[in-house]
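Listed below, chain by chain, are the residues.
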Amino acid sequence: LALVAGVIGGLCILQCFLLLYLLQTERWHDEIGWLAKFGMHDMPDCELVAVIYMDLGICIQLYIFSARNKRFFFQTSEAVDAAPLPSPILCAPVCGALLAATLIGVYWPADVALGGGNPMKGCGWGPAAAVWVWCILWFFVIEIAKVLTHAVYGDKSVDELFMTPLDEKVLSPVDMTDEPGEHTR
């Protein structure tokens with residue numbers, strides 16, 4: 001479980017830094033023209049903050065649906081060891097958080113600052129649409145990585161993945177209940 005969480009979290013961080021890199025690199029205009037069509041070229045830093053905020057907010061919420069299932073998120077048959085459909089008690093707050101992250105990223109006023117760092121200003125609906133497309137594409141990439149991780153490592157714990165039989169023998173607890181000098185493992 002920890003390994004799958006590491007894969008999901010690591011890829012989430014990777015996609016976020018990749019988006020930031022693409023938005024800050026001058027040469028991306030020629031390479032990835034679809035982002036420019038959404039108005040994501042020459043964005044001021046305060047709007048980049050809104051884009052990254054939306055990216056993280058949307059991805060984190062989408063990965064709630066990914067992390068709850070060993071299979072692909074759309075597989076809901078318990079016969080194949082998949083999780084059942086998410087309940088409304090789960091879906092309602094996730095959808096609310098997705099809506100809130102999107103509206104905050106689109107409409108955040110430039111004159112309202114929270115804490116230090118770069119100020120944030122709403123980026124508009126064009127960049128918000130691009131962030132949604134980006135997040136959904138990466139959601140499927142991460143789904144594939146999650147299913148492959150489960151297929152390769154199954155239900156093994158992190159200890160089982162990184163400890164050899166020799167480590168288990170050496171690091172196993174010693175039973176001190178026997179006679180002195182006769183310790184068993």
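Please refer to the structure higher up on the page.
Residues numbered from 1 in each chain as written. Predicted model: local features only at pLDDT ≥ 70, side-chain atom pairs only at ≥ 80, totals over all residues. Heavy atoms only, no water.

Engineer: Would you take a moment to explain the state of the cysteines for this structure?
Structural biologist: Note on terminology: a disulfide is the covalent bond linking the sulfur atoms of two cysteines. Under the criterion given, the structure shown has zero disulfides. Between cysteine 12, a free cysteine, and cysteine 59, which holds the nearest cysteine sulfur, the sulfur-to-sulfur gap is 4.9 Å. No disulfide involves cysteine 59; its nearest neighbouring cysteine sulfur is the one of cysteine 135, lying 3.3 Å away. (Disulfide = S-S within 2.5 Å.)

Engineer: Would you explain the environment of alanine 145 in this entry?
Structural biologist: Position of alanine 145 among the secondary structure elements: in helix H6 (residues 125-153). The spatial distance from the C-alpha of alanine 145 to the C-alpha of valine 4 is 8.8 Å, given a sequence separation of 141 residues. Leave out the neighbours within four places in its chain, and alanine 145 touches Val7 and Leu11. (Helix = DSSP H or I, 4+ residues; strand = E, 2+ residues; numbered from the N terminus. Contact = heavy atoms within 4.5 Å.)

Engineer: Please explain the packing of aromatic side chains as it appears in this structure.
Structural biologist: Each aromatic ring pair is characterised by the separation of its centres together with the angle its planes make. Using the criterion set out here, one finds four aromatic pairs in the structure. With 6.1 Å between their ring centres and 45° between their planes, tryptophan 134 and tryptophan 138 make a pair best called tilted. Linking tryptophan 134 with tryptophan 138, this pair stays in helix H6, spanning four residues, or about one helical turn. Accessibility expressed as a relative area gives 14% for tryptophan 138, which makes it buried. Among the aromatic residues, those joined into a cluster by ring pairs are Tyr63, Phe139 and Phe140. (Phe/Tyr/Trp six-rings, centres within 6.5 Å; stacked < 30°, edge-to-face > 60°. Buried < 20%, exposed > 50% of the residue type's maximum accessible area, 1.4 Å probe, protein only.)

Engineer: Whenever I open this one, the pattern of salt bridges confuses me. Can you help?
Structural biologist: Under the counting rule described, the total for this entry stands at two salt bridges. In this structure, lysine 121 engages glutamate 47 in a salt bridge whose closest nitrogen and oxygen atoms are separated by 3.5 Å. A residue pair is termed long-range when its members are at least 10 positions apart, and lysine 121 in the loop between helix H5 (88-107) and H6 and glutamate 47 in helix H4 (residues 45-67) qualify at 74 residues. Look at lysine 121 and you get partly exposed, because its relative accessible area is 33%. Glutamate 143 is paired through a salt bridge with lysine 146; the nearest N and O atoms lie 3.2 Å apart. Placement of both glutamate 143 and lysine 146 in helix H6 is noted, with a separation of three residues, approximately one turn of the helix. Summarising the burial analysis for this pair, glutamate 143 and lysine 146 share the class buried. (Salt bridge = Lys/Arg side-chain N within 4 Å of Asp/Glu carboxyl O.)

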